[in-house]
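# Residue-level structural notes
Read off the chains here:
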Amino acid sequence: MTRKWRLSHGFRAPWLLCALFSASSIVSVAGATRVAAQPASSGSAAVRLDAAVADSFARAARARPLPITKAQRITTAPTIDGVLDEAVWRDGEIVSEFLQRELNEGVPASERTEVRFATDGANLYIGARMFDREPRLIVPGEKIRDVQLANSDYIAFIFDTYHDRQNGFVFATTPAGVEYDGQVIREGEGGGANVAGQNRMQAGAMGGFNVNWDASWTVATRIDSLGWTAEFRIPFSTLRYQTGDDEQSWGLNVSRMIRRKNEELYWSFIPRQFNLYRLSLAGTLANLDVPVRRIQTITPYVLTSSQEQWSNGVKSSRTPSDFGGEIKYGVTPSLTLDLTYNTDFAQVEVDDQRVNLTRFPVFFPEKRPFFLENAGVFSAGTPQAVDLFFSRRIGISNNGTPQPILGGGRLSGRVGKTTVGLLQMVTDAPDEFSDGQSYSVGRVIRELSSRSRVGAMFVQRMSTDSSADVNRTYAVDGRIGIGQAWTGDLWAAITNTPGRSGDENAYSARLAYQTNVWNHSARYAHIGEDFNPEVGFMSRPGGYRTYDVSMMRLVRKPEWAWFRQWNPHASFRGVYGQRDNYYQTGYWHIDLTEIEFANSSRFGPEYNISHEGLQAPFEIAPGVVLPVGQYDWGTLGFDYQTDPSENVWVNGRFDAGGFYTGTRRGGSGTLTVRRGATFSGSLTMEHNDVKLPQGDFKRTLEAVRLNYFFTPRVFVQTLTQFNNQQRIWSANVRFGWLNTAGTGLFVVFNDGREANSFFDWVRPQQRTVFVKFTRQFGTGG
């Protein structure tokens, strides 16, 4: 059934968006009075600055030359205890004079920061003193690796070890002493598609920043009467850098957050439209002595388990044990070979369950450590829409069931100025009706000047029983940077699948424009009807072309101390059939009232217009079948978030409006509670009440997450979930006693049951207990 007010199928998104933003651009930040915490202030109060003075701060910050510092050469290594009492932390060259990115662009920091670098030829040492006149108000954050940094005070460093101004390594900590690290590619710009119902964190490693990369390094922190301190030891063997020069210059930037003041500071100034990953604006760490030493580690594991399964009410049990491991060998300081045997991921947290009201697959991010390291090298395509390589296709079935990985290897790093990646993995047959598979991936990327690059990729899946059962993908891609504001992304690919002879081509072009007051992007993509990257991810079957347009205005009111910005924005995504031009999907998102407060809380009423064209009946729920036709509906939404640094905070959204031929009411929300740095818990609930002429149904999801941190390396985490769409109740309990780089002792309990509700269990399905111990040996840190 088609509603009478349905929008025209014609593509008029750009003209309507331009009209919307012509109106919003009347609001100007020019001449507004800026709010700033003056350098002499304390606490969380903000002080107004004269408009001309505020503007002069921002202009002066943009004109400031990129800073340079040096690492002191030492012969005696400092003790990593968080106490900066060694001579090296008194004599070294000081990194200071930080400027604000937020809340007040270009204004000097309200609290002093002093950082020094040193090296003994084997390790890079960092000593950081974060002065704070009210140390009792420091926000320490949770004691868990790779915690959400923005919710606490922190100090962060990014090293551009190849000095290509595009790629780097991030190391950070909070007053709680956590280890936070990650890899940056393409200055953190993933260029993913805006997919309704998926958040940006679910891009996993496919975007421009891979927080799941874990290196071997050490940090210690202290809070004292002057503020807090942090002391780092980062082995050069845990990094990748160019060979040939014993003395090198790396790109460097340092960031500090004073959370209670919502003050984000940088050593090398970063305008507010960018962040730490903007390596083209980073300073320089010069005269750095680096060793020729190559990483050489072996990481074996032993595992024992108790597994129970129920089939048709019959229970079966077994207690298997296993062993395996990984070898990491530095072919050069910039090129690393990883070998894995009998690869196991028992310690990895289970996937978050999802509610799916569409006829297309849901994206789940990669969480397995072996595939996360250097994952950005193997990234190509459009994240979450058309990923040309998606590592979850290796060793995980479509329903999330693990499949045995016999082993494989990966060669990744730099050869000259070219980034290379080779991956080969072999899986065993999961049952007598299936074949084992061999997966091969090759990748090359050449970094160019001005934030630009070109690359090529090859992906293959082949049955180990028959070479005729094969699928291949060939691709080229590139990025063009024009100044700091304009970025263009392009990729093209072709697949080869026996039995398919139609259009196996796909290509995409994206143009983005980003300043401190505008953020726009546009994309066009063509996906052939027989395009079939079997080792990739596609959000929908091929045979379509898509248009994406988004526009955002960022409006500041500096005279309001409680206000950060108003973000009126709108976007459109349209999907049309390749051959018949059939209007398959359309999604308008219109939000002219989103407001962000100084403490990071926000709210925003919005209106969304959806279109779905069904060319075949769609069973959206058991017994509820939507007939062929074109459907349009509108939905009023409201999203919100309170201050995430508080001990109790909430975020979520409400939706109400049409849905195909009927209505949908519901929403989702998460309540998070913390107690200091040791405990956090959250309750997530999602509810959808759908009423259609073809039938009514409800979709609910409930999840309880509890975390207790004895130390940053000893923790207990639980995740209990119920999804009434699949009628599955699951529990995952993990105890971890980490050594380094994700190794140590793990005890994991999993329980899955068929259920009618969170507390109404019908019958057990599977129950497992794993005990796994893994240890790293060698020169990895």
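Residues numbered from 1 in each chain as written. Predicted model: local features only at pLDDT ≥ 70, side-chain atom pairs only at ≥ 80, totals over all residues. Heavy atoms only, no water.

## Quick look at the overall build of the chain
In terms of helices and strands, the chain carries four helices and 49 strands. When the 781 residues of the chain are sorted by exposure, 58% land in the buried category. Within the chain, counting contacts between residues at least 6 apart in sequence, those at least 24 apart form 62% of the total. In the structure as shown, the chain presents an accessible area of about 32,000 Å², 56% of it carried by carbon and sulfur atoms. (Helix = DSSP H or I, 4+ residues; strand = E, 2+ residues; numbered from the N terminus. Buried < 20%, exposed > 50% of the residue type's maximum accessible area, 1.4 Å probe, protein only. Contact = heavy atoms within 4.5 Å. Areas by Shrake-Rupley, 256 points an atom, 1.4 Å probe, with all protein chains shown as cover.)

## Looking at the packing of aromatic side chains
Scanning the entire structure with this criterion turns up 43 aromatic pairs. Ring centres of Phe370 and Phe371 lie 5.6 Å apart, and the angle between their planes is 85°; on these two criteria the pair is classed as edge-to-face. Phe371 carries the same exposure label as Phe370, and that label is buried. Their ring planes at 45° and their centres at 5.4 Å tell us that Phe458 and Tyr474 sit as a pair that is tilted. Residue Phe458 is found in strand β26 (residues 453-463), and its partner Tyr474 is found in strand β27 (residues 470-482); the two are separated by 16 residues along the sequence. Classification of Phe458 as partly exposed rests on a relative accessible area of 27%. Grouping aromatic residues by their ring pairs yields a cluster made of Phe117, Phe157, Phe159, Phe171, Trp217, Phe232, Phe236, Tyr241 and Trp250. Against the face of Phe131 rests Arg129, its NZ or CZ located 5.6 Å from the ring centre. (Phe/Tyr/Trp six-rings, centres within 6.5 Å; stacked < 30°, edge-to-face > 60°. Lys NZ or Arg CZ within 6 Å of the ring centre and 35° of its normal.)

## Side note on the nonpolar core
By size, the foremost hydrophobic cluster in this structure holds 36 residues, and its most contacted members are Phe117, Phe159 and Val254. Put simply, the parts of the chain that give this core at least two residues each are β6 (113-119), β7 (123-131), β8 (154-160), β9 (168-173), β13 (227-235), β14 (247-258) and β16 (283-289). With sequence-adjacent residues up to four places away left out, Phe117 is seen in contact with Thr69, Lys70, Ala71, Gln72, Val95, Tyr125, Ile126, Phe157, Phe159, Leu252, Val254 and Leu285. Val178, Leu281, Leu303 and Phe770 belong to the second largest nonpolar core, which has 33 residues in total. (Core = buried A, V, L, I, M, F, W, Y, C linked by side-chain atoms within 4.5 Å.)

## Some points on the side chain of Asn750
Relative to the helices and strands, Asn750 is located in strand β47 (residues 744-755). Side chain to side chain, Asn750 and Asn732 meet in a polar contact 2.6 Å long. Aside from chain neighbours lying at most four places away, what touches Asn750 is Val350, Ala731, Asn732, Gln766, Arg767, Thr768 and Phe770. (Polar contact = N/O pair within 3.5 Å; in protein donor to acceptor, adjacent residues only side chain to side chain.)

## Some points on the pairing of strand β28 (residues 486-496)
Two elements, β27 and β28, share 11 bridges in a ladder whose sense is antiparallel. Paired with Ala475 across the two strands is Ala493, which belongs to β28. What sits between β27 and β28 in their antiparallel hairpin is a turn of three residues, with Gly483 showing a positive phi close to 65°. (Pairing = 2+ DSSP bridges.)

## Let's talk about the side chain of Arg368
Relative to the elements of secondary structure, Arg368 occurs in the loop between β20 (335-343) and α4 (369-372). Of note is the side chain of Arg368, whose polar atom sits 2.8 Å from the backbone oxygen of Ser391.

## Here's the deal with the confidence of the model for the chain
Across the chain, pLDDT averages 87, with 89% of residues at or above 70. Taken as a whole, residues 1-42 scores under 50 in pLDDT and shows 110 contacts with residues more than four places along the chain or in a different chain. This stretch, residues 191-206, has a pLDDT under 50; its non-local contacts, to residues over four places away or in other chains, come to 39 contacts. (pLDDT = per-residue confidence, 0-100.)

## Brief notes about the sheet that holds strand β4 (residues 72-73)
Strand order in this open sheet of five strands is β4-β6-β7-β13-β12, and the pairing throughout is mixed. On the outer flanks of this sheet lie β4 and β12 (218-224), each paired with one strand and no other. Pairing geometry for β7 and β13, over nine bridges, is antiparallel. Within β13, the position partnered with Met130 by the bridge is Trp228.

## Side note on the sheet that holds strand β22 (residues 386-387)
Strand order across the open sheet formed by three strands is β21-β22-β31, with antiparallel pairing between neighbours. Where the open sheet ends on each side, the last strands, each with one partner, are β21 (381-382) and β31 (537-538). Relative to β22, β21 runs antiparallel, the two sharing two bridges. Residue pairing in the sheet places Gly381 in a bridge with Asp387 of β22.

## Brief notes about the pairing of β13
Each regular strand shows side chains that alternate between the opposite faces of the sheet. With eight of its nine residues buried, β13 lies for the most part within the structure. Bridging between β12 and β13 involves seven bridges; their strand directions are antiparallel. The residue of β13 that forms the bridge with Thr218 is Arg233. Counting the residues between successive antiparallel strands, the hairpin from β12 to β13 contains two residues.

## Points about the pattern of salt bridges
Here the structure, examined in full by the defined rule, presents 48 salt bridges. The partner of Glu187 in a salt bridge is Arg451, with the nearest N and O atoms 3.9 Å apart. Here Arg451 lies in the loop between β25 (437-447) and β26 and Glu187 lies in strand β10 (residues 180-188), a separation of 264 residues in the sequence. Take Glu187 and Arg451: they sit in the same class, and that class is buried. Via salt bridges that share partners, Arg145, Glu179, Asp181, Asp214 and Arg713 belong to a single interconnected network. (Salt bridge = Lys/Arg side-chain N within 4 Å of Asp/Glu carboxyl O.)

## Considering the environment of Gly106
Position of Gly106 among the secondary structure elements: in the loop between β5 (99-102) and β6. A residue is classified by how much of its surface remains accessible, and Gly106, at 3% relative accessible area, is buried. Separated by 50 residues in sequence, Gly106 and Ser56 place their C-alpha atoms 8.7 Å apart.

## Thoughts on unusual backbone geometry
Residue Leu103 is reached from Glu102 by a cis peptide bond, and omega for that bond is 0°. Position of Leu103 relative to the elements: it lies in the loop between β5 and β6. One non-glycine residue, His163, adopts positive backbone phi at about 55°. Locating His163 in the fold gives a position in the loop between β8 and β9.

## Examining the environment of Leu281
By the secondary structure assignment, Leu281 is in the loop between β15 (263-266) and β16. Classification of Leu281 as buried rests on a relative accessible area of 16%. Expressed as a C-alpha distance, the spacing of Leu281 and Ser268, which sit 13 residues apart in the sequence, is 7.0 Å.

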